[in-house]
Amino acid sequence: MRIVRDLPALRAATKTMRRAGERVALVPTMGALHAGHLALVEAARREADRVITSIFVNPLQFGPNEDFSKYPRTEEADLTALEAAGCDIAWLPTVEVMYPPGAATVIEVAGPTEGFEGVARPGHFRGVATVCCKLFSQTEADVAVFGEKDWQQLQVIRRMVADLDLPLGILGHPIVRDANGLALSSRNRYLSPAERAKAAMLPEAMREAANAMLHGAAIESALDAARDGLNAAGFDVNYLALVEPETLRPTDALPARMIAAAKLGPVRLLDNMPVG
Ligand code: AMP
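Here's what I pulled together on the structure shown here. Because the structure is a prediction, the values reported are computed rather than measured. (Residues numbered from 1 in each chain as written. Predicted model: local features only at pLDDT ≥ 70, side-chain atom pairs only at ≥ 80, totals over all residues. Heavy atoms only, no water.)

## Points about the site of the ligand
As a structural note, the neighbourhood of the ligand is formed by 17 residues, with His-37, Gly-147, Asp-150, Val-176 and Leu-184 the closest of them. Here an oxygen atom of the ligand sits 2.9 Å away from a polar atom, N or O, in the side chain of His-37. Contact between the ligand and Asp-150: an oxygen atom at 2.6 Å from a side-chain N or O atom of the residue. Protein chains bury 92% of the 480 Å² of accessible surface belonging to the ligand in isolation. Those elements giving two or more residues to the shell around the ligand turn out to be strand E2 (24–29), helix H2 (35–47) and strand E5 (143–147). In terms of residue count, the dominant contributor to the shell around the ligand is H2 (3 residues). Of the residues belonging to the shell around the ligand, the class tally is 9 nonpolar, 6 polar and 2 charged. (Near = heavy atom within 4 Å. Polar contact = N/O pair within 3.5 Å; in protein donor to acceptor, adjacent residues only side chain to side chain. Areas by Shrake-Rupley, 256 points an atom, 1.4 Å probe, with all protein chains shown as cover. Helix = DSSP H or I, 4+ residues; strand = E, 2+ residues; numbered from the N terminus. Nonpolar A, V, L, I, M, F, W, Y, C, P; charged D, E, K, R; others polar.)

## Overview of the packing of aromatic side chains
As enumerated under the stated definition, the model contains 5 aromatic pairs in all. Summarising the aromatic geometry, the rings of Phe-62 and Phe-68 are spaced 5.4 Å apart at their centres and angled 70° between planes, so their arrangement reads as edge-to-face. Ring plane angle 65° and centroid distance 4.9 Å describe the contact between Phe-116 and Tyr-239, whose orientation is recorded as edge-to-face. One end of the pair, Phe-116, is in the loop between helix H4 (95–98) and helix H5 (117–120); the other, Tyr-239, is in strand E7 (residues 236–243), with 123 residues separating them in the sequence. Given a relative accessible area of 12%, Tyr-239 falls into the buried group. (Phe/Tyr/Trp six-rings, centres within 6.5 Å; stacked < 30°, edge-to-face > 60°. Buried < 20%, exposed > 50% of the residue type's maximum accessible area, 1.4 Å probe, protein only.)

## A few points about the sheet that holds strand E1 (residues 2–4)
With respect to topology, 6 strands assemble into an open sheet ordered E1-E4-E3-E2-E5-E6, the strand pairing being parallel. Here the strands that pair on one side only, and so sit at the sheet edges, are E1 and strand E6 (169–173). Mean inter-strand twist for the sheet, computed between neighbouring axes without regard to direction, equals 25°. With 6 bridges connecting them, E2 and strand E3 (residues 50–55) associate as parallel partners. Residue pairing across strands places Pro-28 opposite Ser-54, the latter belonging to E3. Where helix H3 (residues 75–84) meets the sheet, its contacts fall on E1, E3 and strand E4 (89–91), and the angle it forms with E3 comes to roughly 165°. Helix H6 (residues 124–139) rests against E2, E3, E4, E5 and E6 of the sheet, and its axis sits at about 150° to E2. (Pairing = 2+ DSSP bridges. Axes fitted to C-alpha atoms, helices over the stretch in contact; angles between N-to-C directions. Contact = heavy atoms within 4.5 Å.)

## As for the pattern of salt bridges
Taken as a whole, this structure holds 16 salt bridges when the rule is applied. In this structure, Asp-67 engages Arg-187 in a salt bridge whose closest nitrogen and oxygen atoms are separated by 2.9 Å. Placement of Asp-67 in the loop between E3 and H3 and of Arg-187 in the loop between E6 and helix H8 (193–199) is noted, with a sequence separation of 120 residues between them. Note that Arg-196 and Asp-178 form a salt bridge whose closest N and O atoms lie 3.4 Å from each other. Of this pair, Arg-196 sits in helix H8 while Asp-178 is found in the loop between E6 and H8, placing the two residues 18 residues apart along the sequence. Among the residues examined, Arg-196 registers a relative accessible area of 30% and is labelled partly exposed. (Salt bridge = Lys/Arg side-chain N within 4 Å of Asp/Glu carboxyl O.)

Listed below in structure tokens is the structure:
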């Protein structure tokens, strides 16, 4: 596996691949890699001849009161894991490489950015769309793999790629969960053992609400029951909603996607699942 930190070296490496007629897949990450990320790398390997994994904690997608400086950084362990997972290139740009002095262009996606994470984290999707557009351009990947863990993000990326006619495919990968059903996340390391056990109540409550809906319960009352149960158990539910899968518009028609964000202790948990 090659470790690349500057753009000319990345361009040279990808040019060689393309000259050889190889199909290239990109897995964008912020590092602190876990089995969820590695499942994306494995899916990328099945999709393409070569896999590039980027590790970049993107300052543009963090708000002023968020955890940019405290975001976990575990580069050495990440590189070992990527090598074992069969990644060909680890792309590790610095902030200066990604945003040289004078950088003045951002990507604004409307539509699916407008609710939920877009409201909770103003400017977040501007940062995500901008860095992903740059990563697509830097790597000239044929396909990029994203986790369904960040469902809204996946829809925002698909929207951007369609709207800007970007020449790559976007592949979504199902959420990887721990044995209790909690979606794996780099930030889960900040949960105490008791909080980590409790955190599995989020997907449980969502699954119960989904089952109730499938058995004819009114959408709002099923969501209310789940929300109340979680808040009573010590979660601070930010949102729990049923939405159209691609537009993220609230809906009460099945099939749909249930999406949730809830704070537990120091961690804001995200989850989502299909209903119907
Ligand atoms: P992050 O490093 O948090 O920016 O995540 C990088 C990519 O990994 C994104 O496409 C995430 O959706 C995906 N991802 C993170 N956690 C999981 C998970 N538990 N299952 C599947 N994909 C995940």
